[in-house]
Amino acid sequence: MSKHPHILIFTGPFASGKTDLVKHYAENGFNRAITATTRPPRPDEEDGKDYYFQTRTAFENMGVCGELVESIAVNGHCYGTPRSSVLSPFYNRQSIVLSLDPCGALHFQDYGDEDIRRAVIAVYVDVGFALATKRARERPGGMPFDELKRRFATRKQEERLKPEFRHIVHNDGAFAATVSAIDRIIEIRRQEVALVPA
């Protein structure tokens, strides 16, 4: 257990490699927080492993009952972070990793608990247009043209939020270099948090 656990959030445009980064850190000491969504699962996704797939009614009930740390609507679907996925492991001093839409990441950073806000390391993962398109088309099951078009329309909105993030890394395909840059960010934040009196 860490004396100063972190909440590592990867955000940025779609197909920027956030899922691979979450997987890497979940395999290297971080507890992966599963988020909830109303969108249908992709062919390679499992309920409770990749997301908690919810009906719109069930998702809205979670919000009404205060069970979500943050929630947003993107591309016609709802996404949110259940409190149980984050707060329980965090207060057991486990560092957490998850992927969020930029709006969701900003909302998370404004969460009312000071300990949570101080622990958040939000990293905007940037990627070029051509590489993002290539990754989207290579996903299992592919991506319909209409969905791809919607995603790139949303991308413009996501890129406008990039300056709101302190930490930005470029994931241009050199995964080891991307991880190395993120590790440096984590170490800097670890030192910063350690200097703040408990």
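Before going into details, it helps to say that this report is about the structure given with it. For every chain, the first residue of the written sequence is number 1, and numbering continues from 1 along that sequence. For this predicted model, a pLDDT threshold of at least 70 governs which residues receive local features, and a threshold of 80 or more governs which side-chain atom pairs are given and counted, while totals over whole chains, interfaces and linings are taken from all residues. In computing side-chain values, all of the structure's heavy atoms are included and hydrogens and water are not.

### Describing the state of the cysteines
Here is step 1 of the chain: Cysteine sulfur atoms are paired as a disulfide whenever they fall within 2.5 Å. Applying the stated rule across the entire model yields 0 disulfides.
Here is step 2 of the chain: Its sulfur unpaired, C65 is 15 Å from the next cysteine sulfur, which belongs to C78.
Here is step 3 of the chain: For every residue, the accessible area (1.4 Å probe, protein chains only) is compared with the maximum for its type, and the residue is labelled buried under 20%, exposed over 50%, or partly exposed between those bounds. Classification of C78 as buried rests on a relative accessible area of 10%.

### A closer look at the nonpolar core
Here is step 1 of the chain: The biggest cluster of nonpolar side chains holds 20 residues, and the ones touching the most others in it are I7, I9, L98, F108 and I116.
Here is step 2 of the chain: Strands here mean DSSP runs of E at least two residues long; helices mean DSSP runs of H or I at least four residues long; both are numbered from the N terminus. Of all the secondary-structure elements, those providing two or more residues to this core are β1 (7-11), α3 (83-91), β7 (96-99), α4 (102-109), α5 (114-119) and β8 (120-126).
Here is step 3 of the chain: The criterion used for residue contact is that any of the two residues' heavy atoms lie within 4.5 Å. Sequence-distant contacts of I116, that is, excluding residues within four places in its chain, are made with I7, L87, F90, Y91, F108 and Y111.
Here is step 4 of the chain: L8, V22, V169 and A181 belong to the second-largest nonpolar core, a separate cluster that totals 16 residues. We call a set of buried Ala, Val, Leu, Ile, Met, Phe, Trp, Tyr and Cys residues a nonpolar core when their side-chain atoms join them within 4.5 Å.

### Examining the sheet that holds strand β9 (residues 167-170)
Here is step 1 of the chain: Pairing is parallel across the open sheet formed by 5 strands, whose spatial order is β2-β7-β1-β8-β9. Bordering the open sheet on either side are β2 (31-32) and β9, each of which pairs with just one other strand.
Here is step 2 of the chain: In short, DSSP must find at least two bridges between two strands for them to pair. Pairing between β1 and β8: 5 bridges, direction parallel. What sits directly across from T11, in β8, is Y124.
Here is step 3 of the chain: Lines are fitted to the C-alpha atoms to define the axes, a helix being fitted only along its stretch in contact, and any angle between axes, read from their N-to-C directions, falls within 0 to 180 degrees. Where α3 meets the sheet, its contacts fall on β1, β2 and β7, and the angle it forms with β7 comes to roughly 160°.

### A few points about the packing of helix α1 (residues 18-26) against helix α8 (residues 175-195)
Here is step 1 of the chain: Remark: α1 packs on α8, axes separated minimally by 12 Å, with the N-to-C direction vectors making an angle of 60°. Judged on the interaxial angle alone, α8 and α1 are oblique. When you trace α1 past α8, the crossing you get is right-handed. Residues D20, L21, H24 and Y25 of α1 lie in contact with α8, whose contacting residues are F175, T178, V179, I182, D183 and I186. Throughout, the term roughly parallel applies to angles under 35 degrees, roughly antiparallel to angles over 145, roughly perpendicular to angles from 65 to 115, and oblique to all others. By convention the crossing between two helices is left-handed if the near helix lies anticlockwise of the far one by an angle smaller than a right angle, and right-handed if it lies clockwise.

### Quick word on the pairing of β7
Here is step 1 of the chain: One ladder, built from 4 bridges, connects β1 with β7; its direction is parallel. Each residue of the ladder has a partner; that of I9, found in β7, is L98.
Here is step 2 of the chain: In this structure, β2 lies alongside β7, joined through 2 bridges in parallel fashion. Its bridge partner lying in β7, N31 is registered against I96.

### A word on the packing of aromatic side chains
Here is step 1 of the chain: For Phe, Tyr and Trp, where Trp contributes only its six-membered ring, two rings pair if their centres lie within 6.5 Å, and the inter-plane angle classes them as stacked under 30 degrees, edge-to-face over 60, or tilted in between. Applying the stated criterion across every chain yields a total of 6 aromatic pairs.
Here is step 2 of the chain: Seen in terms of ring centroids, Y51 and F53 are 5.7 Å apart; in terms of plane orientation they differ by 55°. Their pairing is tilted.
Here is step 3 of the chain: Judged by its relative accessible area of 19%, Y51 falls in the buried class.
Here is step 4 of the chain: Judged by relative accessible area, which is 17%, F53 ranks as buried.

### Remarks on the sheet that holds strand β3 (residues 36-37)
Here is step 1 of the chain: Across the sheet, 4 strands lie side by side as β4-β3-β6-β5; this open sheet has mixed pairing. Edge positions in the sheet fall to β4 (52-53) and β5 (68-74), since each of these pairs with one other strand and no more.
Here is step 2 of the chain: The pairing of β3 with strand β6 (residues 77-82) spans 2 bridges and is classified as antiparallel. In the strand pairing of β6, A36 is matched with G80.
Here is step 3 of the chain: Against the sheet, α3 makes contact with β4, β5 and β6, and its axis sits at roughly 20° relative to β6, the strand it touches most.

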